[in-house]
Amino acid sequence: MKNQIRQIFHSPKFTVGFIIFAALLVLTVFYPLIVTNDPLEMVGQGNFFKPGTYISVSEAVNTNPYTLNLNASSSRLEQNLSMEERMAMADWLNQFAGLSSKEMDVTDAGELVSLWKDHYDSASEQKGLIAARKKYFSRLDKKITGLLEDRDVLLAEKNQETGEVSVKKTIPSTSYVNVKDVGSRRVFILGTDNFGRDVLTELVAAIKTSLKIGFIAGLIATTIGLSLGLVAGYLGGVIDDFILFITNLFTVIPSFILLILISYSIGKNARGVMMVAIIIGLTSWTWTTRSVRSQVISLRNRDHVNLSKLSGHSLFRIILTDILPYIASYVVMALILQISSGILAEAQLSMIGLGPATTTVSTLGLMMNWAMSYSAHLNGDWWAYFPVIISIALISFSLNLMNTGLDQIFNPQLRE
Amino acid sequence: MGKTMLEVDHLKTKYITRFGENVFAVDGISLKIEEGKSLGIAGESGCGKSTLALSLMGYYFAPLHYQSGTIKVDGVDITGMKPDEIRKKILGNEIAYIPQAAMNALNPTQKIISFIEDVIRAHDPGASKKEIYDLARERFEILGLPESVLKKHAVELSGGMRQRTVIAISTILSPKVLIADEPSSALDVTSQKMVIKMLRNLMEKGFIKSMIFITHELPLLYNVTDEIMVMYAGQIVEHATAKEMVFDPLHPYSKGLMGSILVPEKGARDAKLTAIPGTPPNLKNPPKGCRFADRCRYAKPACMLHPIAESRLDDGRMYRCYLEEKELREVYQDE
Amino acid sequence: MSEEKKPVKNSSCLSGTGVTKIFGMGKEKTVAVDHVDFQFREGEIVSIVGESGSGKTTLSKMLLGLISVTEGEICFQGKPRDIKGYHKKKEYWKGIQAIFQDPFSSFNVFYKIDQVLLDCIKMRGGARLPYEKKVEMMTEACRFVNLKFEELTNKYPFELSGGQMQRLMIARIFLLKPAILLADEPTSMIDACSRATILDMLLKLRDETNMTIIFITHDIGLAFYISDSIYIMEHGKFVESGTAEAVILNPKAAYTKRLINDVPKIHEEWDLSTV
């Protein structure tokens, strides 16, 4: 046994798969200990905040400022002039100032703006431009002028009694605060989702739930498949025919359709995480039954089983000691694949809206479903769905890798 | 003395295991076959006789690797050839190989004649269908196989017929050496006899110039070959004519092996079977001295010390033992 | 040696009349064993010789009670055999045991060798014996087959060679001491040099316990060497039976003649012209 485990870890495939899977497990166990927030707490007011550090504005204003002699305007220009606006500026300069497009570099906002300031005159004739376009350029010019100004920002305070507004504080453009000095801040490594929930925290919780669904579904499917396969294969005869009939019946009905029908018919209220896991388990045992059965049939005529019979061992004992250990490695591999396909089945079900109907836990499939129904994929809010896809891929990749590694060890034909 | 068809000199080949260990399954084997002669190789499972068969073709693929020694087929050294070259130039027309499971190697979707076409066209791309068919029919007739077989699929033939067909296909180019590795062991006795009859026929008609026959069935070997070599733990322990080997073995291991023959003949019930205790050594780490010493009942302490060299008698008979011929005969006499 | 090898015993140990086994139904019906009659006497070594597909393995499984008999009756120690139900079968298996062809697949590789031998002691009603007594019994059984129990204990079957495993199988029989031993090609998977050892041990077992040994084999030379009487089987039927000398040296049936003729010999000429 010890030897076999050592051999398993000699397989690079299994080891890589195991490390990835273990890392995911460790993440789901330890992350909630560090970040104790409720994974489904709606923090953000609005959809899909970008990944980044969010700091409190009012606190920032009241924090002791540092004076840094930095030319803030150029970075402001970079930050605030959109590519579309820059292209329009370049077009104008090309058309009415006679500058060749080679001289201009739209990626350098500072350079472009200085050319603009040199040549633009709202009073000039601008032949061939409609009035609305002329106004657009004049608005753009005003915006640029505003951005270039390094005026101090005045902070006003309203007197409670008189209603008078008085200057409380002037903030020069050279004032900076250190982010560390601001107490109220929140880091959203993966941004927030449509309900303003922290995607990373939600994702870790979702991985945990999805793994749970996979394990339960896999265990149910393997238990049913193994026991039916053992009984059918070992006993044979009428019992075998009957079990094979049921199995064939379940095989010809596509299990995913069955899954959809069951999920739909039990209704939204009953469809919790557990229920979905059980449904998946109950619809995916067929191929385990078939393959266990065929393995058992080839085993039951082996001499060691005959010898065990001759030694007066009971049926139960023969199955337990002479059949089961021989197919144990095979069953473990089947279990791994069942877990992987259980997780995928949940994701598929949830994607079409038939997954766990719940707002108290997240699953990988539900996260995809939410991101999709709020059009995250259309608005380029990648953080809402891409990490979920990666997680699903990593889980099934690691499980399949472990399975292949095991297969190479237990199946002598694949050994080189 | 006929022309030498196959000459092997100190051939050494090894398996490299998954853990990188070297296992020398063929450890310094020399042999020579003349035209019209057949050589038998006997030994227990795991002694390296099947590896020897593979090694003799000069066709190595992992985990089997060439180590040292030379193989000459009809005077041509094939040791340095690339696998591709061996496959094109040597296999089929110089050396033919028939393994035990050969009969199961035929593609079930092809007719027998199309295998023959493949074999002939590989060496003579210009041959016409008619020429090939005529040649095949003639050869099959001489070998006692019905012509109708040519148009059948492999699955339509019985095991024995299939094995004989495979032999006929493999030897269609009249190779110089035929290596047959347990060609009849999976067959019932009657089919086995037919296979043997056909091999003899091939030799007599000159369709094969020489033959190496490998089996663990000694009575069969005695009836098929002119000379017999006994292999033990990757080495040849004795090489003699078939008659000498069966009735007058010299090496203690050969003696034990010949003492285990069981045949349904008068007097066989009164024979005393010899048993050799123990198991052959692990070739990963073979003993330094005589490889048979720890199972040999005549072993002396000196047997364990140094590798035993081959000794030759005047008539060319070879054996590998620390004891002299006279001493061996004396100890056998005492029993 | 034929004298001391053949103790005169007449009481019938296992006999059968019209024993038949049919597999499948309708079009797929195959008659594996076709109305065979036999009578094996106590202390006798009987060989059932046949080529592959002759039905000898099916017959041996019926004799062991591992598969049901379609038709006919088997009598065990003079009484019609009744093996309906687990307990009756268990009782029957105290009287008949087997050694199979492939020693490598005869053992459950997940259990230590001790377990195999302890099971035998348990089957003989020795479950409650003190452990020292059991070790003593196992050591004696191993000594009988020239194995050392101290070297085998706590080992797994795959750590043994084929010959050692087969000898351990005989040690198992030695512990069980059944009235009948059915040996299904016990030497065909092991090396020629170990074969003599196995055969010697089986003969010794017979001499010491007066066991009936039924040898199932395709090797007619082996059958001739070891057995007192021989049954030749072809296509599910016995075509000839009698004492070993009579059947082999004076065959009557055409099939037997062909079989003997086709086996390579060393003292007589092997006639290749007959095929």
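Remember, predicted model here, so these are calculated numbers, not experimental data.

Thresholds applied
Residues numbered from 1 in each chain as written. Chains lettered and ligands numbered in written order. Predicted model: local features only at pLDDT ≥ 70, side-chain atom pairs only at ≥ 80, totals over all residues. Helix = DSSP H or I, 4+ residues; strand = E, 2+ residues; numbered from the N terminus. Buried ≥ 20, exposed ≤ 12 C-beta atoms within 10 Å, placed from the backbone. Rg over C-alpha atoms; globule rule 2.2 N^0.38 Å. pLDDT = per-residue confidence, 0-100. Pairing = 2+ DSSP bridges. Axes fitted to C-alpha atoms, helices over the stretch in contact; angles between N-to-C directions. Contact = placed C-beta atoms within 7 Å. UniProt positions renumbered as here; feature names shortened; annotations may be inferred. Nonpolar A, V, L, I, M, F, W, Y, C, P; charged D, E, K, R; others polar. Arc of directions from axis to C-beta. Domains from an automatic or database assignment. Core = buried A, V, L, I, M, F, W, Y, C linked by C-beta atoms within 7 Å.

A. Just the overall build of chain C, in detail. Helix and strand content of chain C: 12 helices and 10 strands. Projected onto its principal axes, the C-alpha coordinates of chain C cover approximately 60 × 45 × 40 Å. A total of 275 residues make up chain C; the buried ones form 46% of that total.

B. Structural detail: the overall build of chain A. Looking only at helices and strands, one finds 18 helices and six strands in chain A. A compact globule built from 416 residues should have a C-alpha radius of gyration of about 22 Å, whereas chain A, at 33 Å, is more than 25% larger. Dimensions of chain A, computed from the C-alpha atoms along their principal axes, are close to 105 × 55 × 45 Å. Across the 416 residues of chain A, 31% fall into the buried class.

C. Structural context of the confidence of the model for chain A. For chain A, per-residue confidence averages 87 on the pLDDT scale, and residues scoring 70 or more make up 99% of the total. When the elements of chain A are averaged for pLDDT, helix H4 (residues 72–80) of chain A gives the smallest value, 77, and helix H8 (residues 199–235) of chain A the largest, 94.

D. The arrangement of the sheet that holds strand S3 (residues 45–49) of chain C in detail. Residue and element names in this part refer to chain C. With mixed pairing, six strands are arranged side by side in an open sheet as S6-S7-S8-S3-S9-S10. Each edge of the open sheet carries a strand with a single partner, namely strand S6 (96–99) and strand S10 (237–243). Strand-to-strand twist of the sheet, defined as the mean angle between neighbouring strand axes without regard to direction, takes the value 20°. Where strand S9 (residues 229–234) and S10 come together, six bridges link them in antiparallel fashion. In the strand pairing of S10, Glu234 is matched with Lys237.

E. View of the arrangement of the chains. Where two pairs of chains are in contact, the pair with the most contacts is made of chains B and C. At the level of C-alpha atoms, the two units chain A and chain B stay apart, their nearest approach being 8 Å.

F. The arrangement of the UniProt feature "domain: ABC transporter" (unreviewed entry) in chain C in detail. With numbering matched to this structure, UniProt assigns "domain: ABC transporter" (unreviewed entry) to residues 14–260 of chain C. Along residues 14–260 of chain C the backbone is 41% helical and 26% strand, and the end-to-end C-alpha distance reaches 27 Å.

G. View of the UniProt feature "transmembrane region" (unreviewed entry) in chain A. All names here are of chain A. In this numbering, the UniProt entry assigns the feature "transmembrane region" (unreviewed entry) to residues 14–34, 213–236, 242–262, 269–287, 315–337, 349–370 and 382–402. Summarising residues 213–236: 96% helix, 0% strand, and an end-to-end C-alpha distance of 33 Å. For the annotated span residues 315–337, helix accounts for 100% and strand for 0% of the residues, and the straight-line distance between the end C-alpha atoms is 29 Å.

H. Spatial organisation of the interface of chain A and chain C. Taken residue by residue, the interface counts 14 residues in chain A and 16 residues in chain C. Secondary-structure elements contributing two or more residues to the side of chain A that touches chain C are helix H14 (303–310) and helix H15 (315–351) of chain A. At seven residues, the largest contribution of residues to the side of chain A that touches chain C is made by H14 of chain A. Among the residues making up the side of chain A that touches chain C, the classes are represented as three nonpolar, seven polar and four charged.

I. Fine view of the UniProt feature "domain: ABC transmembrane type-1" (unreviewed entry) in chain A. With numbering aligned to this structure, UniProt lists the feature "domain: ABC transmembrane type-1" (unreviewed entry) at residues 207–403 of chain A. Along residues 207–403 of chain A the backbone is 83% helical and 0% strand, and the end-to-end C-alpha distance reaches 20 Å.

J. Seen up close, the environment of Leu59 of chain C. Residue and element names in this part refer to chain C. Mapped onto the fold, Leu59 is located in helix H2 (residues 56–64). In sequence terms Leu59 and Gly16 are 43 residues apart; their C-alpha atoms lie 11 Å from each other. Apart from residues no more than four positions distant in its own chain, Leu59 is found in contact with Val33, Val36 and Ile48.

K. Representation of unusual backbone geometry within the structure. Of note in this structure, Ser375 of chain A is not a glycine but carries a positive phi near 55°. When you line up the elements, Ser375 of chain A lands in the loop between helix H16 (364–373) and helix H17 (376–379). On the basis of neighbour counts, which here come to 13 C-beta atoms within 10 Å, the residue Ser375 of chain A falls in the partly exposed class. Phi is positive for His235 of chain C, which is not a glycine, with a value near 45°. With respect to the helices and strands, the residue His235 of chain C is situated in the loop between S9 and S10.

L. Geometry of helix H3 (residues 112–123) of chain B. Considered for burial, the residues of H3 of chain B that qualify are Ile112, Phe115, Ile116, Val119 and Ile120 of chain B. In an axial view of H3 of chain B, the angular spread of the buried residues amounts to 125°, which keeps them on one side of the axis.

M. Representation of the pairing of strand S2 (residues 30–41) of chain C within the structure. Residue and element names in this part refer to chain C. Inspection of the sheet shows strand S1 (residues 12–23) paired to S2 by eight bridges, in the antiparallel sense. Directly across from Ile22, in S2, lies its bridge partner Val31. With antiparallel pairing between neighbouring strands as the criterion, S1 and S2 make up a hairpin whose turn holds six residues, including Gly24 at a positive phi of roughly 75°.

N. Seen up close, helix H12 (residues 254–262) of chain C. Listed in full, the buried residues belonging to H12 of chain C are Thr256, Leu259, Ile260 and Asp262 of chain C. On the buried face of H12 of chain C, the contacting elements are helix H6 (189–204) of chain B together with helix H10 (220–226), S9, S10 and helix H11 (244–249) of chain C.

O. Spatial organisation of the sheet that holds S2 of chain C. Residue and element names in this part refer to chain C. Here four strands make up an open sheet; going across it, the order is S2-S1-S4-S5 and the pairing antiparallel. Lying at the two open borders of the sheet, with one neighbouring strand each, are S2 and strand S5 (79–80). Taken together, the two bridges between strand S4 (residues 71–76) and S5 define a ladder with antiparallel strand orientation. Among the inter-strand pairings, Phe76 is bridged to a residue of S5, identified as Lys79. Packing of H2 onto the sheet brings it into contact with S1 and S2, and relative to S2 it is tilted by some 60°.

P. Representation of the confidence of the model for chain C in the model. In the predicted model, chain C carries a mean pLDDT of 89, and 96% of its residues have values of at least 70. Under the prediction, the complex receives an ipTM of 0.87, its pTM being 0.78.

Q. Molecular detail of the domain arrangement of chain A. Per the domain assignment, the segments of chain A are domain 1 (2–44 + 193–414), domain 2 (52–69 + 152–184) and domain 3 (72–148). Inter-centroid distance (C-alpha atoms) of domain 2 of chain A to domain 3 of chain A is 32 Å.

R. Inspection of the interface of chain C and chain B at higher detail. Tallying the contact residues gives 34 residues for chain C and 33 residues for chain B. Counting only elements with at least two residues in the side of chain C that touches chain B, the list comes to helix H9 (192–209), H10, H11 and H12 of chain C. The biggest single contributor to the side of chain C that touches chain B is H9 of chain C, with seven residues. A breakdown of the residues in the side of chain C that touches chain B according to their chemical character gives 19 nonpolar, six polar and nine charged.

S. Region of interest: the nonpolar core. Counting 177 residues, the largest nonpolar core has Ile179 and Ile212 of chain B together with Ile214 and Phe215 of chain C as the members making the most contacts within it. Of the residues forming this core, the biggest block, nine residues, is contributed by helix H8 (residues 162–176) of chain C. Excluding residues that lie within four positions of it along the chain, Phe215 of chain C makes contacts with Ile45, Val46, Ser47, Ile48, Ala183, Ala223, Ile226 and Ser227 of chain C. Ranked by size, the runner-up nonpolar core spans 61 residues in total, among them Phe48, Val199, Leu203 and Leu211 of chain A.

T. Region of the structure containing the environment of Pro157 of chain C. Residue and element names in this part refer to chain C. Mapped onto the elements of the fold, Pro157 is located in the loop between helix H7 (149–152) and H8. Looking at Pro157, the number of C-beta atoms within 10 Å reads 23, which means it is buried. A C-alpha to C-alpha distance of 5.8 Å links Pro157 and Val109, two positions 48 residues apart in sequence. Those residues within four positions of Pro157 in sequence are excluded, and the remaining contacts are Phe107, Val109, Ile113 and Met165.

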